[in-house]
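The lines below spell out each chain.
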Amino acid sequence: MALSDFKAMWSYSYVVLFLFEFFAQMGAQTSIPIVSNYAIALGATVALAGLLASLNSVVALILRFFAGPLFKRFSIKRLFIAFSIIFCVSCLACGYIQDLTVLAICRIVFGIALVGKTTLIIVLAAQILPESTRGQGVAWLALTNVFAIAICPMVCAYLGPRYGWNMLFYLAGAFFVLAIICSFLVKEKPVEIDKTPVQKYISDVSTEEMPNEQISNKAPKEKLTWRSFIYVKSLPIGLIGLLEAFTYGMITTLTLTVGELRGIEEISLFFIAYVVVSFAARPVSGRLYDKYGFKRLGAILALFIVAAMIVFAYAYSVIPIMISGALFAIGQGCLWPCLQAESVKDVPEESYSLSANTMLFGVDAGCSLGPIVCSAIMDATSPTVMFWFVAGVAMLLFIAIIWYNRRK
């Protein structure tokens, strides 16, 4: 990266946004993994604990479709601050009020904030970052999630049984307090508003004859239609996001189960390999995206996911497990920030939020469908068959990217 590009990317606004995302990811990955353990400690059954753990994802999927108009009607920065506060309050309430009903309510509220935050982080990144470094900037933001996933679950597993699962919600709340501070420091790009008075000709009635309160300079409110909720041009990238997230949802929820069924005690090495390779590969992929674009990069990354699933299908020892994790990090780990950057590329700035939200709706759907479909396949057949099925989904992803690139 040239020094000029480095300075342009790591501006004050981007550093603040990066710190916000770091603290928000640390708070999220501290609270999310402990929900089921905390629920069981409060007396829930394993089935109920699993439901509570997935509530925020289900809520995010349901509400994502309806979130589009919200981002167009309110200030981005005010929404950013509001969602940060909601994250914090929901975590602190879980720790202070030790009750299953309160836990369920807080996970629903957390899911609502998750819908807003995931969209706004892409919008603000697109506003702050120059076009020449947008891929790299989004890739660095995505690394905060990798770091949090690598550190927080291990810390929670150590501290939870010793000091109580509710105390970890206070820790998550502390991270979100730091995120709130950063959210106030984020600089929103001002939006130009057309202040030209709306002139309407009314037969036989002049404005002089009308009462003053009936004369307004405000433009009429935009009527809600189905286009207020979906950015049509981003539907193809939303489909790609669904297929990509399908593979990720399966990996994050069923990998440990596969290890247990196959008797592989070192199955966690998959995630270690994923994290280590992601730290190296994501910034590089961002640089390649900025230089060559999604057209040259996307399809190649999809093939890495296919390769990862085929290797995992026959992985019964440490080495193939780590190879699969490394391949998945290059494929899915690098494709994800590229999708984020692509979702706002060549999109009018006023439609950034709607376009990103459309892509994320597909991602939410994939993350929800992946575990459900794949667990049913594995239960009816075997892990090997399931991995071959997911390899087929990854091939569909490859085809979808080729089709998307040809359309453009």
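Everything that follows concerns the structure shown earlier in this document.
A quick note: this is a predicted structure, and the numbers were derived from the prediction, not measured.

J.: Help me understand the packing of helix H8 (residues 134-163) against helix H13 (residues 318-342), please; the structure alone is not making it clear to me.
T.: Axis separation between H8 and H13 bottoms out at 9 Å; the angle between their running directions is 130 degrees. Between H8 and H13, the interaxial angle falls into the category oblique. Two packed elements cross with a definite hand, and for H8 against H13 that hand is right-handed. Touching Arg134, Gly135, Val138, Ala139 and Ala142 of H8 are Pro337, Gln340 and Ala341, all from H13.

J.: Got a minute to help me understand H8 in this structure?
T.: Note: α-helices contain 3.6 residues per turn, so residues at a spacing of three or four share the same orientation. For H8, built from 30 residues, the straight-helix expectation of 44 Å at 1.5 Å per residue is met to within 8% by its first-to-last C-alpha distance of 42 Å. When the local axis directions of H8 are compared, the greatest deviation, roughly 25 degrees, occurs at Ala148. One or two positions beyond H8, positive phi appears at Gly164, with a value near 100 degrees.

J.: I tried to follow the packing of H8 against helix H11 (residues 269-292) on my own but got confused; where do I start?
T.: In helix packing, the relevant descriptors are the interaxial angle and the interaxial distance, both defined with respect to the helix axes. For the pair H8 and H11, the least separation of the axes is 7 Å and the interaxial angle reads 170 degrees. Our classification of the angle between H8 and H11 gives roughly antiparallel. Of the two possible hands of crossing, H8 and H11 adopt the one that is right-handed. For the pair H8 and H11, the contacting residues are Arg134, Gly135, Gln136, Ala139, Trp140, Ala142, Leu143, Val146, Phe147 and Ala150 in the first and Val275, Ser278, Phe279, Arg282, Pro283, Gly286, Arg287, Tyr289 and Asp290 in the second. In terms of residue class, the contact of H8 with H11 is built from eleven nonpolar, four polar and four charged.

J.: Mind showing me how you'd approach the nonpolar core here?
T.: Note that soluble globular proteins tend to have their nonpolar side chains buried in a common cluster. Judged by nonpolar contacts, the single largest core of 100 residues is most densely connected at Phe176, Ile240, Met250, Phe294, Met309 and Met386. Counting residues per element, this core draws most heavily on helix H12 (residues 294-313), at eleven residues. The contact partners of Met250, leaving out residues within four places of it in the chain, are Thr255, Met309, Gly370, Pro371, Cys374, Met386, Phe387 and Val390. Core analysis: the next-biggest nonpolar cluster, separate from the first, contains 17 residues, Ile34, Tyr38, Leu52 and Leu103 among them.

J.: It is not clear to me how the side chain of Ser278 should be interpreted in this structure. Could you clarify?
T.: Looking at where Ser278 falls in the secondary structure, it is placed in helix H11. By relative accessible area, which is 0% here, Ser278 ends up buried. What Ser278 contacts, discounting residues up to four positions off in sequence, is Leu143, Val146, Pro283 and Ala329.

J.: Any chance you could explain a nonpolar patch on the surface here in plain terms?
T.: On the surface, Val58, Ile62, Leu63, Phe66, Ile108 and Ile112 cluster together to form a nonpolar patch covering roughly 490 Å² of accessible area. Put simply, the parts of the chain that give the nonpolar patch at least two residues each are helix H4 (46-64) and helix H7 (100-128).

J.: Would you mind going over the pattern of salt bridges with me for this structure?
T.: Charged atoms that come close allow side chains of opposite charge to pair. On inspection of all chains with the given rule, the structure shows one salt bridge. Between Glu21 and Lys117 there is a salt bridge, with its nearest N and O atoms 2.9 Å apart. Of this pair, Glu21 sits in helix H2 (residues 12-31) while Lys117 sits in helix H7, and the two are 96 residues apart along the sequence. This pair shows no difference in class: Glu21 is buried, exactly as Lys117 is.

Definitions and limits used
- Residues numbered from 1 in each chain as written.
- Predicted model: local features only at pLDDT ≥ 70, side-chain atom pairs only at ≥ 80, totals over all residues.
- Heavy atoms only, no water.
- Axes fitted to C-alpha atoms, helices over the stretch in contact; angles between N-to-C directions.
- Helix = DSSP H or I, 4+ residues; strand = E, 2+ residues; numbered from the N terminus.
- Parallel < 35°, antiparallel > 145°, perpendicular 65-115°, else oblique.
- Left-handed = near helix turned anticlockwise from the far one by under 90°.
- Contact = heavy atoms within 4.5 Å.
- Expected span 1.5 Å × (residues − 1).
- Bend = angle between axes of the 7 residues up to and from the residue.
- Nonpolar A, V, L, I, M, F, W, Y, C, P; charged D, E, K, R; others polar.
- Core = buried A, V, L, I, M, F, W, Y, C linked by side-chain atoms within 4.5 Å.
- Buried < 20%, exposed > 50% of the residue type's maximum accessible area, 1.4 Å probe, protein only.
- Patch = residues over 30% accessible without salt bridge, like charges linked within 9 Å, V, L, I, M, F, W, Y side chains within 5 Å.
- Areas by Shrake-Rupley, 256 points an atom, 1.4 Å probe, with all protein chains shown as cover.
- Salt bridge = Lys/Arg side-chain N within 4 Å of Asp/Glu carboxyl O.

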